[in-house]
Amino acid sequence: MRKTITIEGGHLSIETGIPKPGATTIVERKGLGHPDTLADHLAEGLSLAYSRYTVERFGAVLHHNFDKLGLLGGASEVRYGAGRMTAPVRVLVNGRAAPMCGGERIPVEEIVEAEVRAFFARRLPDASDHLDITFNITSNSSPGAVLTGDKVPDRTRWFSPRSIDDLRERRVRLSNDTSLGTGWAPENVFESFVRELVNHFSGQSEFTLSHAWCGSDVKLMGYWDGDQADVVLCVPQKSRHVSSRDEYIRNAECVLAECYRLAGIRLPGAEVRFRLNARDVPENDELYLTYTGSSIESGDEGVVGRGNRVNGLITPLRPMNLEGANGKNPVYHVGKLYNIAAQRLAQRLHEATDGHAEVHLVSTTGQRLDQPWRILIRLSSPDAESDKVQALVAEALEGFPALTDELVSDGIVLS
């Protein structure tokens, strides 16, 4: 059943009784040390650092975006029990940021460099002394500032405000782009397992704390049909903590044993097959052995938006879009706000209807942020009450100011 309701600013379409997703699942997740995840999280860290500085100094988030950041891999040498960087990781900080407000200079490059170095010191400490930071940060206004006579278009002040009163979003929040935010719920048991397994090997866990050789550039691709799972997993080892080929092989066996242990807990009764570090050729000493624990040390690249979606997964059989949410301005960038709101709304709708829920929020550039051009809600429940759905949608749309505050004050892991 489909119902279309005209709302202020656009249309809300509610589809009920849609088929639930089938059991077949293809899912990918990139771990904390993967170059794309590093790029995503660093870009978001730069946005947070800049936002917090301007809120503290001026009382508002000034205009910025760092969502085009890129990492270019360095070079390294690895040996059993040793290793070193031979060329730095290049950090290309691409974006825009207001360099002043009311005539007061904002130390943009200093803020950025401090955050880049602090980020690598936390996330990839062995690379933190081997960085080459390039600044490509402008304060150019977006298209649309037409000069007529002596009048100065307001748009030209967005990145050089005389005061925060020049920020249009202080009066009304308008979408910065024509874009799409997508969310769905619930995850199935295999999708949740993939998230947990990658976090287990790439983050702070009992396993990584007790196995110093475990690197963080973990990547998993999985296939699930409801009864059986095939998993291809990459888990690097750190060369300083691996003294020989035999020790590397023993460590790999340890990883596989841990995979099967967790699968037995999270996927009881299922047949699960794991393939670890598929490119390894041990007899030729071609191994996933790294100095830092990440392939960013040796030629690989990372770019914002190529990694996990806002829900932390890459799911080609589920609805999703290609927005790079990390590093976008948290006040009015729909590529960030609509994706977070859609994911949260989908979860609320799932809980309210006890079924599958999909949410699609479509913006029009220059129109009110809280009035999407199109809202599509798709629910597996055949008897979902439209007035309750509308109430949850309205609650989500009213929550953008609070979402901005949450992003700036607490930070939200977006991938």
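Please read these numbers as outputs of a predicted model, since none were measured by experiment.

## Digging into helix α1 (residues 35-58)
For an α-helix, the turn length of 3.6 residues means that residues three or four places apart are oriented alike.
So, step 1. Counted at 1.5 Å a residue, the expected span for α1 with its 24 residues is 34 Å, and the 34 Å between its end C-alpha atoms agrees.
So, step 2. Summarising burial for α1: 18 of the 24 residues are buried, a large majority.
So, step 3. With its phi angle positive at about 90°, Gly 59 sits one or two positions after the end of α1.

## What about the layout of surface pockets?
So, step 1. The volume enclosed by the largest pocket comes to roughly 680 Å³.
So, step 2. As for the largest pocket, its lining consists of 24 residues, of which Cys 234, Arg 279, Tyr 288, Ser 295 and Asp 300 are closest to the centre.
So, step 3. Among the secondary structure elements, those contributing two or more residues to the lining of the largest pocket are β6 (75-79), β14 (228-234) and β17 (289-290).
So, step 4. A class-by-class count of the residues in the lining of the largest pocket yields seven nonpolar, six polar and eleven charged.
So, step 5. As a volume, the second largest pocket reaches approximately 450 Å³.
So, step 6. Lining of the second largest pocket is provided by 27 residues; of these, Ser 142, Trp 158, Asn 176, Asp 177 and Tyr 332 occupy positions nearest its centre.
So, step 7. Among the elements of the structure, β4 (64-65) and α6 (334-353) are those that each provide at least two residues to the lining of the second largest pocket.
So, step 8. Here the lining of the second largest pocket is composed, by residue class, of seven nonpolar, eleven polar and nine charged.

## Notes on the state of the cysteines
So, step 1. This model, assessed by the stated rule, comprises zero disulfides.
So, step 2. Left unpaired, Cys 234 is separated from the closest cysteine sulfur, that of Cys 259, by 11 Å.
So, step 3. Note on Cys 234: relative accessible area 27%, which makes it partly exposed.
So, step 4. For Cys 259, a relative accessible area of 0% gives the class buried.

## Re empty space enclosed by the protein
So, step 1. Scanning all chains against the criterion turns up two cavities of 30 Å³ or more.
So, step 2. A volume near 140 Å³ is recorded for the largest cavity.
So, step 3. Lining the largest cavity we find 15 residues, and of these Thr 182, Arg 309, Val 310, Met 320 and Asn 339 sit closest to its centre.
So, step 4. Mapped by element, the contributors of at least two residues to the lining of the largest cavity are β12 (180-185) and α6.
So, step 5. At three residues, α6 tops the list of elements feeding residues into the lining of the largest cavity.
So, step 6. For the lining of the largest cavity, the residue count by class is six nonpolar, seven polar and two charged.
So, step 7. Of the voids in this model, the second largest cavity is the one considered here, and its volume is about 40 Å³.
So, step 8. Lining the second largest cavity are Asp 40, Gly 305, Asn 308, Arg 309, Val 310, Glu 323, Gly 324, Ala 325, Asn 326 and Leu 414.

## Comments concerning unusual backbone geometry
So, step 1. The amide bond that connects Ala 185 to the next residue, Pro 186, takes the cis arrangement and shows omega of 5°.
So, step 2. The topology assignment puts Pro 186 in the loop between β12 and α3 (189-202).
So, step 3. The backbone of Asn 277 shows a phi angle near 45°, a positive value even though the residue is not glycine.
So, step 4. Assignment of secondary structure puts Asn 277 in the loop between β16 (271-276) and β17.
So, step 5. By relative accessible area, Asn 277 is classed as buried at 4%.
So, step 6. Phi is positive for Asp 285, close to 55°, though the residue is something other than glycine.
So, step 7. By the element assignment, Asp 285 lies in the loop between β16 and β17.
So, step 8. Residue Asp 285 is classed as partly exposed on the basis of its relative accessible area, which comes to 39%.

## So, the environment of Asp 67
So, step 1. You can see Asp 67 is positioned in the loop between β4 and β5 (70-72).
So, step 2. When the C-alpha atoms of Asp 67 and Glu 323 are compared, they prove to be 9.8 Å apart, with 256 residues separating the residues in sequence.
So, step 3. Ignoring sequence-local partners within four residues, the contact set of Asp 67 consists of Val 304, Gly 324, Asn 326, Gly 327 and Lys 328.
So, step 4. Among the polar contacts made by the side chain of Asp 67, one reaches the side chain of Lys 68 at a distance of 3.0 Å.
So, step 5. Among the polar contacts listed, one links the side chain of Asp 67 to the side chain of Lys 328, at a separation of 2.6 Å.

## Details of the nonpolar core
So, step 1. The biggest cluster of nonpolar side chains holds 37 residues, and the ones touching the most others in it are Leu 42, Leu 62, Leu 69, Leu 71, Val 91, Val 116 and Phe 120.
So, step 2. Those elements giving two or more residues to this core turn out to be α1, β8 (89-97), α2 (108-123) and β11 (131-138).
So, step 3. Here the element with the most residues in this core is α1; it accounts for seven residues.
So, step 4. Discounting residues that sit within four places of it in the chain, Leu 71 has contacts with Pro 35, Leu 38, Ala 39, Leu 42, Arg 90, Val 91, Phe 120, Ile 296, Asp 300, Glu 301 and Gly 302.

Conventions and cut-offs
Residues numbered from 1 in each chain as written. Predicted model: local features only at pLDDT ≥ 70, side-chain atom pairs only at ≥ 80, totals over all residues. Heavy atoms only, no water. Helix = DSSP H or I, 4+ residues; strand = E, 2+ residues; numbered from the N terminus. Expected span 1.5 Å × (residues − 1). Buried < 20%, exposed > 50% of the residue type's maximum accessible area, 1.4 Å probe, protein only. 1 Å grid on protein atoms, 1.4 Å probe; cavity = no way out; pocket = protein on both sides within 12 Å on 5 of 7 lines; lining within 4 Å. Points joined across faces, edges and corners; volume = space filled by probe spheres on them. Nonpolar A, V, L, I, M, F, W, Y, C, P; charged D, E, K, R; others polar. Disulfide = S-S within 2.5 Å. Contact = heavy atoms within 4.5 Å. Polar contact = N/O pair within 3.5 Å; in protein donor to acceptor, adjacent residues only side chain to side chain. Core = buried A, V, L, I, M, F, W, Y, C linked by side-chain atoms within 4.5 Å.

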